[in-house]
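# Summary of structural features
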Amino acid sequence: MGLSQDIFRKLEILTDAAKYDVACTSSGSSRRGVKGTMGSAVSAGLCHAFAADGRCISLLKILQTNECVYDCKYCCNRCSNDVPRASFSPEEIAELTVSFYRRNYIEGLFLSSGIRNNPDYTMEQIYQAVYLLRRKYRFNGYIHVKAIPGADPLLIEKTGWVVDRMSVNMELPTAEGLRRLAPQKNRRKILTPMRQIQTGRRESLLLQDYRNYTALPAAPENTLYPAVTQKQVLQESHPGAAFVPAGQSTQMIIGASGESDYEIVHMAEAMYRQFELKRVFYSAFINTTGDDLLPDTSESGPPLLREHRLYQADFLMRFYHFRAAELITAERPHLDTRVDPKCSWALDHLEFFPVEVQDADYHTLLRIPGIGVKSAKRIVAARRMGRLDFDSLKRFGVVLKRAMYFITCSGRMMIPLKMNRSFILANLLGLGEKLPPGIMGQTTYHQMSLTDLFGDG
């Protein structure tokens, strides 16, 4: 692939400008390759390469432009910041994506943007880029784009039919934080496209059911499906497509505006419940602007361990059936950074332990430190066949060096222990938890550069 100096320079600017936008997500969308098209989307995910700070770099992750009419205090691309500016045309984005895909560098596209001119203009440019990819280049791979708050709902609707996932960034967890650090944005503008995407996904599924249920008459006046006719025009122009099939996500910046973990975790729970999000991402704040209203991260570094604990708490809510109120309270508004949230909960509720693994139900097993979803399912299946022992639990994937303090197997503990919080905590801390790179002193922030791909020549 021959890159002109102009395109190469734009890539340098706009890939660097996109590195603070978290995109470490699997596609969540399965789509086989089709004859006459290029690429595919695999639900197992695109997260096979990570930057030094733990973020996924397997997508071509770029901004359409880093020009922006907004002046958000925390953003390196804010209009008052003196940085090099560049913009891609829709055609350039489509050509780059296809070229990178053919070289096997990427499996899809993550496209975000600063707000150039106004939200409508920016959203139209994003739509044109992905439309060209799907229609002109027959690209069938994974595409994730940002929906621009304040843009015309029709533009968001059109875009939703040609992408896999859309996201609308909350950016800051509270309305007060937005008012202080991003005064040109507000909660209502951010939540409006979220609700539109949620409603659009529901109606798309309803439309699919309607078309599959051949017993129903095809007449538009069918009252059993009153919302169907609103989608039919766009659906007909994208036969076989679904609206945002991989769902929507959002991102919150951690540590820029003083919110507690309590506020963040409860906000995430509310977003999952009210907007049916697939993921909430957390981005440890890095002060790139030097604004006086922002905390200085030059010496302490970004709060990566705090970000890590929030991801763990988020995981417990999504897959382990924990509620936010169980993980964190207003009286103790910050997650314990010494141990993961599951261990912290267990230490605060020793009255529930030890648990007999031979008899405990699946949901109770999930609450035991050292037992995950897979190992809990294996335990439930295996004990139907006979009695379990600790060797069996180890083979099932149970991390006994954690679980041993909280379980009995056939009525006995692995070794005689007292259910004492201080004793158990001291021993858990002695295990030396394996943390992601960047947390234990390796605080380098590096995104794959173009020289990584093409060399210096």
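These figures come from a predicted structure and were not determined experimentally. (Residues numbered from 1 in each chain as written. Predicted model: local features only at pLDDT ≥ 70, side-chain atom pairs only at ≥ 80, totals over all residues. Heavy atoms only, no water.)

With that settled, the discussion passes to the pairing of strand S6 (residues 279-284). The element S6 is largely enclosed, with a buried count of six among its six residues. The pairing of strand S5 (residues 248-254) with S6 spans six bridges and is classified as parallel. Considered in S6, the bridge of Met252 is made with Tyr282. (Buried < 20%, exposed > 50% of the residue type's maximum accessible area, 1.4 Å probe, protein only. Helix = DSSP H or I, 4+ residues; strand = E, 2+ residues; numbered from the N terminus. Pairing = 2+ DSSP bridges.)

Okay, the sheet that holds strand S2 (residues 108-112) next. Spatial ordering of the open sheet is given by S1-S2-S3-S4-S5-S6, a layout of six strands whose pairing is parallel. In this open sheet, the two edge strands, each paired with only one partner strand, are strand S1 (60-63) and S6. Looking at each pair of strands side by side, their axes are set apart by 20 degrees on average, direction ignored. One ladder, built from three bridges, connects strand S3 (residues 142-146) with strand S4 (residues 165-167); its direction is parallel. Counted as the bridge partner of His144 is Arg165 from S4. Each of S5 and S6 is contacted by helix H9 (residues 304-319), which is oriented at about 170 degrees to S6, the strand it contacts most. (Axes fitted to C-alpha atoms, helices over the stretch in contact; angles between N-to-C directions. Contact = heavy atoms within 4.5 Å.)

Okay, the pairing of S1 next. The two faces of the sheet receive side chains in turn, since in a regular strand these alternate between them. Of the two faces of S1, the one holding Leu60 and Ile62 and the one holding Lys61 and Leu63 are both buried throughout. A crossover connection joins S1 to the parallel S2 through helix H2 (residues 90-102); in handedness this β-α-β unit is right-handed. (Right-handed = clockwise from strand over helix to strand, strands pointing away.)

With that out of the way, let us pick up the nonpolar core. In this structure, Leu393 and Phe406 are the most contacted members of the largest nonpolar core, which totals 118 residues. Sequence-distant contacts of Phe406, defined by excluding residues within four places in its chain, comprise Ala346, Leu347, Leu350, Phe353, Pro354, Val355, Ile368, Pro369, Ile424 and Leu428. (Core = buried A, V, L, I, M, F, W, Y, C linked by side-chain atoms within 4.5 Å.)

Moving on, we come to the pattern of salt bridges. For side chains of opposite charge, pairing can occur when their charged atoms come near one another. Using the criterion set out here, one finds 18 salt bridges in the structure. When the shortest N-O distance is used, the salt bridge between Glu92 and Lys10 registers 3.1 Å. Of this pair, Glu92 sits in helix H2 while Lys10 sits in helix H1 (residues 5-17), and the two are 82 residues apart along the sequence. Residue classification places Glu92 among the buried residues on the basis of a relative accessible area of 18%. When the shortest N-O distance is used, the salt bridge between Glu176 and Arg179 registers 2.7 Å. (Salt bridge = Lys/Arg side-chain N within 4 Å of Asp/Glu carboxyl O.)

By the secondary structure assignment, Tyr262 is in helix H8 (residues 261-275). A residue is classified by how much of its surface remains accessible, and Tyr262, at 28% relative accessible area, is partly exposed. Each C-alpha atom of the pair Tyr262 and Leu335 lies 8.0 Å from the other, and the pair is 73 residues apart in sequence. Beyond its immediate chain neighbours, meaning those up to four positions away, Tyr262 contacts Ile328, Thr329, Ala330 and Pro333.

What follows deals with unusual backbone geometry. Omega for the bond connecting Phe353 with Pro354 falls within 30 degrees of zero, at 0 degrees, which places this linkage in the cis form. Note that Pro354 resides in the loop between helix H11 (341-348) and strand S7 (355-356). Within the chain, Glu276 stands out as a residue other than glycine whose phi angle is a positive 55 degrees. By the secondary structure assignment, Glu276 is in the loop between H8 and S6. Judged by relative accessible area, Glu276 falls into the partly exposed class, the value being 37%.

Per the stated rule, a full pass over the model turns up eleven aromatic pairs. Taking 5.6 Å as the distance between ring centres and 65 degrees as the angle between the ring planes, the aromatic pair formed by Trp161 and Phe243 counts as edge-to-face. One end of the pair, Trp161, is in the loop between helix H4 (153-160) and S4; the other, Phe243, is in the loop between helix H7 (228-237) and S5, and 82 residues separate them in sequence. As far as burial versus exposure is concerned, Trp161 and Phe243 are alike and both buried. Ring geometry for Phe322 against Trp345: centres 5.4 Å apart, planes inclined by 85 degrees, an arrangement best described as edge-to-face. You can see Phe322 sitting in the loop between H9 and helix H10 (324-327) and its partner Trp345 sitting in helix H11, a full 23 residues away along the chain. Taken individually, Phe322 and Trp345 each receive the classification buried, so the pair is uniform in this respect. Chaining the aromatic ring pairs together yields one cluster made of Phe322, Trp345, Phe352, Phe353, Tyr405 and Phe406. The residue whose ring lies beneath Arg367 is Phe322, and the NZ or CZ to ring-centre distance is 4.0 Å. (Phe/Tyr/Trp six-rings, centres within 6.5 Å; stacked < 30°, edge-to-face > 60°. Lys NZ or Arg CZ within 6 Å of the ring centre and 35° of its normal.)

With respect to the helices and strands, Val83 occurs in the loop between S1 and H2. In this view, Val83 contacts Asn66 and Cys76; residues no more than four positions away in its chain are not counted.

Moving on, we get to the confidence of the model for the protein chain. On average, the protein chain scores 84 in pLDDT, and the residues at 70 or more come to 80%. In this model, residues 219-230 is a region of pLDDT below 50 whose contacts with residues beyond four sequence positions or in other chains number 15 contacts. Across residues 442-457, where pLDDT falls below 50, the model places 34 contacts with residues more than four positions away in sequence or in other chains. (pLDDT = per-residue confidence, 0-100.)

This part is about H4. Looking only at H4, the buried set comprises Leu155, Ile156, Glu157, Thr159 and Gly160. At the N-terminal end of H4, a side-chain oxygen is found 2.8 Å from the backbone nitrogen of Leu154, two or three residues along, and the residue is Asp152. (Polar contact = N/O pair within 3.5 Å; in protein donor to acceptor, adjacent residues only side chain to side chain.)

It is the contact of H8 with H9, at a shortest axis distance of 11 Å, that shows an interaxial angle of 35 degrees. For the crossing formed where H8 meets H9, the hand is right-handed. Along its contact with H8, which presents Asp261, Ile264, Val265, Ala268, Glu269 and Tyr272, the element H9 presents Arg306, Leu310, Ala313, Asp314, Met317 and Arg318. (Left-handed = near helix turned anticlockwise from the far one by under 90°.)

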